[in-house]
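One letter stands for each residue in the lines below.
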Amino acid sequence: MTAKAKKQFQAPKGTFDILPEDQKYWEKVRKVIKHVAIGYGFERIDTPAIESSDLYALSAGETTDVVEKQMYTFKSRGGDPLTLRPEGTISVMRSFLEHGMQQLPQPVKLYYMAPMFRYEQPQAGRYRQHHQAGFEVLGDQDPIYDAQVIYVCLLAGEELGLKNLSVEINSIGCSKCRPAYRSQLLRYYRSRTAKLCKDCKRRMKKNPLRLLDCKEEKCQQMHVNAPNLIDHLCQECHDHFKLVLEYLDETSIPYVLNSHLVRGFDYYTKTVFEVFLEDEHVEGGSEKSHQRSKLALGGGGRYDNLAKALGGKDVPAVGGSLGMERIIGVMKKQDVKVPTLFKPEVFLIQLGALSKKKSLRLFEDLRKAGIVVAESFGKDSIKAQLRSADRLGVKISLILGQKEAIDGVVLLREMDSGVQESVELEKIIKVVKDRLKK
RNA sequence: GAGACAUUGGUGUAGUGGCAGCACAACAGGUUGUGGUCCUGUUAGCAGGGGUUCGAAUCCCCUAUGUCUCCCCA
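Bear in mind that the values here come from a model prediction, so they are computed numbers and not experimental data.

**Student:** I'd love a proper account of unusual backbone geometry, names of residues and values included.
**Tutor:** With the exception of glycine, most residues fall at negative phi, and the peptide bonds are largely trans. The omega angle of the peptide bond from Gln-106 to Pro-107 is 0°, so this bond is cis rather than trans. Considering the arrangement of structural elements, one finds Pro-107 in the loop between α5 (89–98) and β5 (108–117). You will see that Asn-164, though not glycine, has its phi angle at about 65°, which is positive. The residue Asn-164 is located in the loop between α6 (143–159) and β7 (165–171) in this model. At Lys-270, a position not held by glycine, the phi torsion is positive, near 55°. Turning to its location among the elements, Lys-270 is positioned in strand β9 (residues 269–277). For Lys-270, a count of 27 C-beta atoms within 10 Å translates into the label buried.

Take a look at the structure:
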């Protein structure tokens, strides 16, 4: 490939190819997510990668970063503008309402694994197309499902062999108590606006709850005395949150309350949470670098108002999602072992025109018998083919030469010892199977 | 949207203004139809464009991509 062609045809910025060598990680993650989901009664749902653009403006919040500047939106011929989905929850709710799933036994538990699209500056662990695995429980307001969703997210990580996972949790109230809190918060900060950093001034207008999350030291000093959301929850939200925590106490989940935790979408109510990896290898060890080392693997929360925002009836719901790229990144970093996908046991070698023709049939007979076979039929020298066999680490090579093809036999070579014997073609499958058992 | 650093064969790298080298990988050989180790050979690169210079991988500018801070998020 010339340099020019390479330049011209790179994968688009912030996207990447998942190459064969990495597929084992993806396969493992998909398998474990599916296993955990099914174990907890979640059924698979797949929604389109495109949705009506209005869907997101109505639900996620028009002023959220994602809706404001991270969506891939385009005109569809003659129809409403479409958007490549930036997240999964909204599509699931849209589908729930569209297909009248309120008529099913409640709650409806759904899971998905799908690519998401956001226009932003790529960095490590942050892409324009990334994959999320999500769990949603729709149609039930019981706090036990908040706890279950959190548990399932963490469990998926643990079943994948990840260490040092933890959960941060908070309640951001509901449409009854949050507005009141918000105005209290604004009152507190309004007198102190001058001292706030540039970003916080913007946050005051856009999303006051985010003020609490600021990392600037000066701002943080102010946050200490700011009104605390937890103290301003209405009775219902308070009781709900208390129960969520009590249920979590029954699990082994290491959770931490974080009263500053706020999530990026407007549709969240009551419980919000994030799954983190506590990184042990912090260089330098300063407090700042320690904070940075915390990597968010996923998050979620309750979204009781989403259905209404989409024009449906009240559907209380809670869900969470995990970033698959980030999980795989941690698996590699923590050196989690995953099985190789293609591990042939037998290698079929052909020599000469006649046996080359016959090898296709023999290969298929072996495969049909459940034996994992490999070949390099395109190479004609026995040397090259044996080298391939060796590289693949097979136990047995079958050599079908010109002589053997005529005599109706095949040579069976044990790769470790180099011992060879001639076996009749009709018996070869049985013999190979016996040898592989040893 | 703001700032910093980076980019040399498929991969990892050396080369600070004077012949682009090394290792691994890949491919082909090392005399009849036999792998690993070894030996030989082949393929393949200065991200793209412009500028300075007798001469640029090297210095300057622009672009692209990557990485890291912010912002935000998975």
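**Student:** Which residues make up the protein's contact with RNA strand B, and what values go with them?
**Tutor:** As a structural note, the neighbourhood of RNA strand B is formed by 55 residues, with Ala-124, Gly-264, Gly-323, Leu-386 and Gly-401 the closest of them. Classifying every residue of the surface near RNA strand B gives 14 nonpolar, 18 polar and 23 charged.

**Student:** Describe in detail the environment of His-130, supporting the description with residues and values.
**Tutor:** For His-130, the location among the structural elements is in strand β6 (residues 129–138). C-alpha of His-130 to C-alpha of Cys-214: the two residues are 84 residues apart in sequence and 26 Å apart in space. Once you skip the residues sitting within four places of it in the chain, His-130 turns out to touch Pro-115, Met-116, Gly-323 and Glu-325.

**Student:** Requested: an account of the UniProt feature "binding site: L-histidine" (unreviewed entry) in chain A, with residues and values cited.
**Tutor:** The positions that UniProt labels "binding site: L-histidine" (unreviewed entry) are, in the present scheme, Glu-87, Gly-88, Thr-89, Arg-118, Gln-132, Glu-136, Arg-263, Tyr-267 and Tyr-268. Within the element layout of this structure, Gly-88 appears in the loop between β4 (82–84) and α5. For Gly-88, a count of 25 C-beta atoms within 10 Å translates into the label buried. Setting aside chain neighbours within four positions, we find Gly-88 in contact with Tyr-112, Ala-114, Met-116, Gln-132, Gly-134 and Ser-321. Structurally, Arg-263 is set in the loop between β8 (255–257) and β9. With residues near it in sequence (within four places) discarded, Arg-263 still touches Tyr-268, Val-272, Gly-299 and Gly-301.

**Student:** Summarise the sheet that holds strand β2 (residues 50–52); cite the residues concerned and give the values.
**Tutor:** The strand order across the open sheet formed by three strands is β2-β4-β3, and the pairing between neighbours is antiparallel. Only two strands of the sheet have a single partner each, and these edge strands are β2 and β3 (72–74). Across the sheet, the mean angle from the axis of one strand to that of its neighbour is 30°, orientation sign disregarded. Here three bridges tie β3 to β4, and the two strands are oriented antiparallel to one another. Bridging from a neighbouring strand, Tyr-72 pairs with Leu-84 of β4.

**Student:** So, the sheet that holds strand β12 (residues 346–350): which residues are in play, and what are the values?
**Tutor:** In spatial order, the strands read β13-β12-β14-β15-β16; together these five strands make up an open sheet with mixed pairing. Taken across any chain shown, the strands that pair with only one partner, and hence form the sheet edges, are β13 (373–375) and β16 (420–424). Across the sheet, the mean angle separating the axes of adjacent strands is 30° when strand polarity is ignored. Where strand β14 (residues 396–400) meets strand β15 (residues 409–414), four bridges bridge the pair, whose relative direction is antiparallel. Counted as the bridge partner of Ile-399 is Leu-411 from β15. Together, β12, β13 and β14 form the strand contacts of helix α15 (residues 382–392), whose direction differs from that of β12 by roughly 175°.

**Student:** Which residues make up the packing of helix α2 (residues 23–39) against α6, and what values do they have?
**Tutor:** Interaxial distance between α2 and α6 falls to 9 Å at its minimum, and their mutual angle equals 140°. As far as their axial angle goes, α6 and α2 are oblique. Crossing of α2 over α6 shows right-handed handedness. Contacts from Val-32, Ile-33 and Val-36 in α2 reach Val-152, Leu-155, Ala-156 and Glu-159 in α6. Of the residues in the contact of α2 with α6, the class split is six nonpolar, no polar and one charged.

**Student:** A description of the confidence of the model for chain A should follow, citing residues and the corresponding values.
**Tutor:** Overall, the prediction assigns chain A a mean pLDDT of 89, with 94% of residues at 70 or greater. Low confidence marks residues 1–7, where pLDDT is under 50. Its contacts with residues over four positions away, or in another chain, come to one contact. Of the regions scoring below 50 in pLDDT, residues 281–292 engages in six contacts with residues more than four places distant in sequence or in other chains. On the interface metric, ipTM, the complex scores 0.89, and its pTM is 0.90.

**Student:** How would you summarise the environment of Val-32 if you had to cite specific residues and measurements?
**Tutor:** One can find Val-32 in helix α2. Judged by the 19 C-beta atoms lying within 10 Å of it, Val-32 is partly exposed. Residues Val-32 and Phe-273, spaced 241 residues apart in sequence, show a C-alpha to C-alpha distance of 21 Å. Those residues in contact with Val-32, other than ones at most four positions away along the chain, are Ala-156, Glu-159 and Leu-160.

**Student:** Mind laying out the pairing of β12, listing which residues take part and the relevant values?
**Tutor:** Counting buried positions over the five residues of β12 gives five, a clear majority of the element. The alternating pattern of β12 places Val-346, Leu-348 and Gln-350 and Phe-347 and Ile-349 on opposite faces, both of which are buried. For β12 and β13, the ladder comprises three bridges, and the chain directions are parallel. Each bridged residue has a counterpart across the sheet, and for Phe-347 the counterpart in β13 is Ala-374. Between the parallel pair β12 and β13, the chain is carried across by helix α14 (residues 353–368), and the sense of this crossover is right-handed.

Each value, and the rule that gives it
- Residues numbered from 1 in each chain as written.
- Chains lettered and ligands numbered in written order.
- Predicted model: local features only at pLDDT ≥ 70, side-chain atom pairs only at ≥ 80, totals over all residues.
- Helix = DSSP H or I, 4+ residues; strand = E, 2+ residues; numbered from the N terminus.
- Buried ≥ 20, exposed ≤ 12 C-beta atoms within 10 Å, placed from the backbone.
- Near = placed C-beta within 6 Å.
- Nonpolar A, V, L, I, M, F, W, Y, C, P; charged D, E, K, R; others polar.
- Contact = placed C-beta atoms within 7 Å.
- UniProt positions renumbered as here; feature names shortened; annotations may be inferred.
- Pairing = 2+ DSSP bridges.
- Axes fitted to C-alpha atoms, helices over the stretch in contact; angles between N-to-C directions.
- Parallel < 35°, antiparallel > 145°, perpendicular 65-115°, else oblique.
- Left-handed = near helix turned anticlockwise from the far one by under 90°.
- pLDDT = per-residue confidence, 0-100.
- Right-handed = clockwise from strand over helix to strand, strands pointing away.

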